[in-house]
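This is what each chain is made of:
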Amino acid sequence: MTLSPVPATGVRRLTSTLYGYAFLEDFVLLYPVYALLFSDTGLSVRQISSLFVLWSVTGVALEVPSGAWADASSRRLLLCLGPLLTAAAFALWTLLPSYGAFALGFVLWGAGGALVSGAREALVYDELERLGAAGRYAHVMGRARAAGLVATMAAMALAGPVLARGGHIAVGAASVLVCLLGAATATRFPEHRTPAAGHDGWTATLKTGLAVARADRSVRGALLLVPAVTAVWGALDEYTPLLVRDTGVSDALVPYLLLLIWAGATAGGLLAGAGERLGPRGLAALLAGAAVALALGAGAGTPAGIALVAVAFGGFQAATVLADVRLQRRIDDPGRATLTSVAGLGTDLATIAVYGGYAVLGTAAGHGTAFAWCAVPYLVTALLLVAGPAPARAEAAKE
């Protein structure tokens with residue numbers, strides 16, 4: 001179906017704003033070096049993991065309330081506030097590098113991420129649906145994730161030279177500026193909806209959304225699939241600089257090998273739209289293949305093995321988009337951000353478990369072995385998709 005000029009213009013405005021926002025959200029020069037900053041400040045693997053746990057705990061506390069708030073008020077407003085909190089976190093890290101400052105910064109960053117999580121997906125899906133283009137959601141979100149990963153790669157390429165010339169002050173200042181630009185970009189998002197009114201609007205929305213999840217088995221299944229696909233590789237993201245460093249390369253080369261990993265993830269995002277045709281067995285095969293690539297690549301302990309890690313991250317990225325598509329198609333507008341945030345809450349809880357397990361494995365056996373063991377949950381998820389109840393498989397195959 002061909003969109004009329006007005007809807008086509010609306011889609012272009014929405015997608016261009018989304019892609020710009022996604023790019024700025026990840027064009028942060030601190031990303032490829034902050035794990036090294038923590039390590040060089042004297043933090044142990046356990047301390048670094050504790051920071052990541054604190055980050056996730058903040059998300060757990062705020063994820064669902066922020067999603068209900070997005071359904072009960074302006075989703076665009078939350079997309080503006082999120083980057084502002086992140087900017088404050090990066091400013092704190094830059095000016096006062098210490099465990100306490102890192103911890104407070106992660107609380108601010110976690111709060112900012114919670115405000116954005118759920119609100120962005122809900123706003124985009126509802127606006128596309130209003131324009132008669134909901135069928136393009138996977139394509140649009142795949143490209144948005146790819147835009148974010150291109151930004152990550154650009155930040156990796158620039159981080160080394162900027163760090164060499166201006167130190168952590170220059171890297172931190174650039175990161176703060178990008179977050180402020182992201183907040184400004186969010187003001188361009190279109191939003192055509194009437195949120196719940198009254199002082200109890202967000203609490204009523206929360207109760208309604210949770211009631212839907214309890215009553216609808218297909219919604220529950222979609223909610224569980226999101227953290228099953230997203231949590232492990234999302235947590236491993238934070239340790240990739242340390243994995244690369246353990247291959248024996250110098251710190252100056254770490255950002256460039258990380259580019260390879262994120263090139264793979266970018267390709268996965270761009271291919272996610274085509275992956276909509278995959279049934280449960282196809283998705284299971286995608287996850288299993290990515291898991292094997294992760295185990296072999298990380299276990300090799302060489303720079304060449306990073307190429308297989310890149311392949312794995314590409315598969316996980318595509319599967320993440322497909323899990324989100326499955327969820328969005330099962331929920332309605334009034335509780336969309338709330339239930340998306342419930343899925344985010346599940347992801348946060350699972351991520352905390354991954355950080356805890358990684359702290360033990362990484363300390364005892366090294367980063368390569370820890371990454372390899374983290375492939376196991378994906379093999380389990382793949383088996384469950386294949387061996388799931390017949391009605392659920394049939395329903396998924398229709399998507």
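Residues numbered from 1 in each chain as written. Predicted model: local features only at pLDDT ≥ 70, side-chain atom pairs only at ≥ 80, totals over all residues. Heavy atoms only, no water.

Chemist: Give me the lowdown on the overall build of the chain, citing residues and values where you can.
Modeler: If you tally the helices and strands in the chain, you get 17 helices and 0 strands. Counting over 399 residues, the chain shows a buried share of 54%. For the chain, the share of sequence-separated contacts (at least 6 apart) that also reach a separation of at least 24 residues comes to 83%. Total accessible area computed for the chain in this model is approximately 15700 Å², and 68% of it derives from carbon and sulfur atoms. (Helix = DSSP H or I, 4+ residues; strand = E, 2+ residues; numbered from the N terminus. Buried < 20%, exposed > 50% of the residue type's maximum accessible area, 1.4 Å probe, protein only. Contact = heavy atoms within 4.5 Å. Areas by Shrake-Rupley, 256 points an atom, 1.4 Å probe, with all protein chains shown as cover.)

Chemist: Describe helix H13 (residues 306-328), naming the residues involved and giving the relevant values.
Modeler: Each α-helix turn comprises 3.6 residues. Residues three or four places apart therefore point the same way. Between its terminal C-alpha atoms H13 stretches 33 Å, which fits the 33 Å expected from 23 residues at 1.5 Å a residue. Counting buried residues along H13, 20 of its 23 residues qualify, which places the element largely inside the surrounding structure. (Expected span 1.5 Å × (residues − 1).)

Chemist: Break down the confidence of the model for the chain for me, with residues and values.
Modeler: Residues of the chain with pLDDT of at least 70 account for 88%, and the chain-wide mean is 83. Helix H17 (residues 390-397) is the least confidently modelled element of the chain, averaging 45 in pLDDT, while helix H4 (residues 75-95) averages 93, the highest of any element. Scored below 50 in pLDDT, residues 390-399 makes 14 contacts in the model with residues more than four places away or belonging to other chains. (pLDDT = per-residue confidence, 0-100.)

Chemist: Kindly report on the nonpolar core, identifying the contributing residues and their values.
Modeler: Soluble globular proteins: nonpolar side chains tend toward being buried together. Judged by nonpolar contacts, the single largest core of 88 residues is most densely connected at Phe38, Trp262 and Phe313. In this structure Phe313 touches Trp233, Leu236, Asp237, Thr240, Ile261, Trp262, Ala265 and Leu294, once residues within four positions along its chain are discounted. Membership of the second largest hydrophobic core comes to 32 residues, among which are Cys80, Val116, Ala119 and Tyr137. (Core = buried A, V, L, I, M, F, W, Y, C linked by side-chain atoms within 4.5 Å.)

Chemist: Describe the pattern of salt bridges, with residues and values.
Modeler: Taken as a whole, this structure holds 3 salt bridges when the rule is applied. The closest approach of N and O atoms between Arg120 and Glu25, which form a salt bridge, is 2.5 Å. Taken together, the positions of Arg120 in helix H6 (residues 119-130) and Glu25 in helix H1 (residues 5-26) put the pair 95 residues apart, joining distant regions of the chain. With relative accessibility at 30%, the residue Glu25 sits in the partly exposed group. (Salt bridge = Lys/Arg side-chain N within 4 Å of Asp/Glu carboxyl O.)

Chemist: Now, about a nonpolar patch on the surface: what can you tell me, with residues and values included?
Modeler: Together, Val292, Leu296, Leu308, Val311 and Leu379 make up a nonpolar patch on the protein surface, roughly 420 Å² of accessible area in all. Listed by contribution, the elements that provide at least two residues to the nonpolar patch are helix H12 (280-300) and H13. With respect to the helices and strands, the residue Leu296 is situated in helix H12. (Patch = residues over 30% accessible without salt bridge, like charges linked within 9 Å, V, L, I, M, F, W, Y side chains within 5 Å.)

Chemist: Give me the lowdown on the environment of Ala133, citing residues and values where you can.
Modeler: Among the secondary structure elements, Ala133 is positioned in the loop between H6 and helix H7 (137-186). With 122 residues separating them along the chain, Ala133 and Val11 place their C-alpha atoms 7.9 Å apart.

Chemist: Before we move on, can you summarise the packing of aromatic side chains with the specific residues and values?
Modeler: This model, assessed by the stated rule, comprises 27 aromatic pairs. Both rings, one in Trp55 and one in Phe106, keep their centres 5.0 Å apart while their planes meet at 35°; by these two values the pair is tilted. With Trp55 in helix H3 (residues 45-72) and Phe106 in helix H5 (residues 99-116), this pair connects stretches of sequence that are 51 residues apart. Since its relative accessible area comes to 0%, Phe106 is described here as buried. (Phe/Tyr/Trp six-rings, centres within 6.5 Å; stacked < 30°, edge-to-face > 60°.)

Chemist: Describe the packing of helix H9 (residues 217-236) against H13, and please don't skip the residues or the numbers.
Modeler: Each pair of packed helices can be described by the angle between their axes along with the distance between the axes. Running from N to C, H9 and H13 cross one another at 155°; their axes reach a closest spacing of 9 Å. One finds that H9 runs roughly antiparallel with respect to H13. The hand of the H9/H13 crossing is left-handed. Residues Gly221, Ala222, Leu223, Leu225, Val226, Val229, Thr230, Trp233 and Leu236 of H9 touch H13, and the partners they reach there are Phe313, Phe316, Gln317, Ala319, Thr320, Ala323, Arg326 and Leu327. Residues belonging to the contact of H9 with H13 are distributed by class as follows: 12 nonpolar, 4 polar and 1 charged. (Axes fitted to C-alpha atoms, helices over the stretch in contact; angles between N-to-C directions. Parallel < 35°, antiparallel > 145°, perpendicular 65-115°, else oblique. Left-handed = near helix turned anticlockwise from the far one by under 90°. Nonpolar A, V, L, I, M, F, W, Y, C, P; charged D, E, K, R; others polar.)

Chemist: Explain the environment of Ala155 to me, using residue names and the numbers behind them.
Modeler: Here Ala155 lies in helix H7. Here the alpha-carbon distance between Ala155 and Asp26, two residues 129 residues apart in the chain, equals 7.9 Å. Ignoring sequence-local partners within four residues, the contact set of Ala155 consists of Asp26, Phe27, Val28, Leu29 and Pro32.

Chemist: Provide a residue-level description of the packing of H4 against H6, including the pertinent values.
Modeler: For the pair H4 and H6, interaxial distance at closest approach is 9 Å and the crossing angle is 140°. Looking at the two axes, H4 sits oblique to H6. Crossing hand, H4 versus H6: left-handed. Contacts between H4 and H6 involve Arg75, Arg76, Leu78 and Leu79 on the former and, on the latter, Ala119, Arg120, Ala122, Leu123 and Asp126. A class-by-class count of the residues in the contact of H4 with H6 yields 5 nonpolar, no polar and 4 charged.

Chemist: Outline H12, supporting the account with residue identities and numerical values.
Modeler: Taking 1.5 Å of rise per residue, 21 residues should cover 30 Å, and H12 covers 30 Å from first to last C-alpha, within 8% of that figure. Within H12, burial applies to Pro280, Leu283, Ala284, Leu287, Ala290, Ala291, Ala293, Leu294, Gly297 and Ala298. Where H12 ends, the next residue or the one after it, Gly301, has phi of about 70°, a positive value.

Chemist: I'd like to hear about the side chain of Thr58, residue by residue, with values.
Modeler: Considering the arrangement of structural elements, one finds Thr58 in helix H3. With sequence-adjacent residues up to four places away left out, Thr58 is seen in contact with Phe106, Val107, Gly110 and Ala111.

Chemist: I'd love a proper account of the environment of Arg220, names of residues and values included.
Modeler: Mapped onto the secondary structure, Arg220 falls in helix H9. Among the residues examined, Arg220 registers a relative accessible area of 36% and is labelled partly exposed. Through-space distance from the C-alpha of Arg220 to that of Leu327 is 9.1 Å; in sequence the pair is 107 residues apart.

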